[in-house]
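The residues making up each chain are set out below.
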Amino acid sequence: MAGSTNPLTLREQEVLRSAAGGGSVKEIAAAVHLSQGTVRNHLSAIIGKLHARNRHDAARQAAENGWI
């Protein structure tokens, strides 16, 4: 995926940037001012878009590509 166009929305980037720190869904939700359910939805969408194994893999991929 290196060199690819960023498939993530600005909000997804914000959520993933917060998730990269390893916080819980509750902590991420508080940091980005969203409900926990919305954070879970964003994380699911991100994982699907990046074909990642989990949110940590998604954060790694996004960081490697300069998206977060």
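See the structure printed just above.
Keep in mind that what you see is a predicted model, and the values were worked out from it rather than measured.

**Student:** Whenever I open this one, helix 2 (residues 25-32) confuses me. Can you help?
**Tutor:** Because an α-helix completes one turn every 3.6 residues, residues spaced three or four positions apart along the sequence face the same direction. For helix 2, the set of buried residues is Val-25, Ile-28, Ala-29 and Val-32. With its buried residues spanning 100 degrees around the axis, helix 2 presents them on a single face. The outward face of helix 2, more than 90 degrees from its buried face, is lined by the exposed residues Lys-26, Glu-27 and Ala-30. Buried positions along helix 2 lie against helix 1 (10-19), helix 3 (36-50) and helix 4 (55-64). Phi turns positive one or two residues past the end of helix 2, at His-33, with a value near 60 degrees.

**Student:** Explain helix 3 to me, please; I cannot follow it from the model alone.
**Tutor:** Taking 1.5 Å of rise per residue, the 15 residues of helix 3 would be expected to cover 21 Å, and the 21 Å separating its terminal C-alpha atoms lies within 8% of that figure. Three or more residues of helix 3 are buried, namely Val-39, His-42, Leu-43, Ile-46 and Leu-50. In an axial view of helix 3, the angular spread of the buried residues amounts to 100 degrees, which keeps them on one side of the axis. Of the residues in helix 3, the exposed ones pointing more than 90 degrees away from the buried face are Asn-41 and Ser-44.

**Student:** Would you take a moment to explain the pattern of salt bridges for this structure?
**Tutor:** Inspection of the entire model under this criterion finds 5 salt bridges. Between Arg-53 and Asp-57 there is a salt bridge whose closest N-O contact spans 3.8 Å. Using a relative accessible area of 6% as the deciding quantity, one classes Asp-57 as buried. The partner of Asp-57 in a salt bridge is Arg-60, and the shortest N-O contact between them spans 2.5 Å. With Asp-57 and Arg-60 both in helix 4 and 3 residues apart, the pair spans about one turn of that helix. Using a relative accessible area of 38% as the deciding quantity, one classes Arg-60 as partly exposed.

**Student:** Please clarify how unusual backbone geometry should be interpreted in this entry.
**Tutor:** Leaving glycine out, the prevailing phi sign among residues is negative, and the prevailing peptide bond configuration is trans. The phi torsion at His-33 lies on the positive side, around 60 degrees, for a residue other than glycine. Take His-33: it is sitting in the loop between helix 2 and helix 3. Even without glycine at this site, His-51 takes up a positive phi of about 55 degrees. By the secondary structure assignment, His-51 is in the loop between helix 3 and helix 4.

Cut-offs and rules
Residues numbered from 1 in each chain as written. Predicted model: local features only at pLDDT ≥ 70, side-chain atom pairs only at ≥ 80, totals over all residues. Heavy atoms only, no water. Buried < 20%, exposed > 50% of the residue type's maximum accessible area, 1.4 Å probe, protein only. Helix = DSSP H or I, 4+ residues; strand = E, 2+ residues; numbered from the N terminus. Arc of directions from axis to C-beta. Contact = heavy atoms within 4.5 Å. Expected span 1.5 Å × (residues − 1). Salt bridge = Lys/Arg side-chain N within 4 Å of Asp/Glu carboxyl O.

Purely spatial values, then, with no claim about function.
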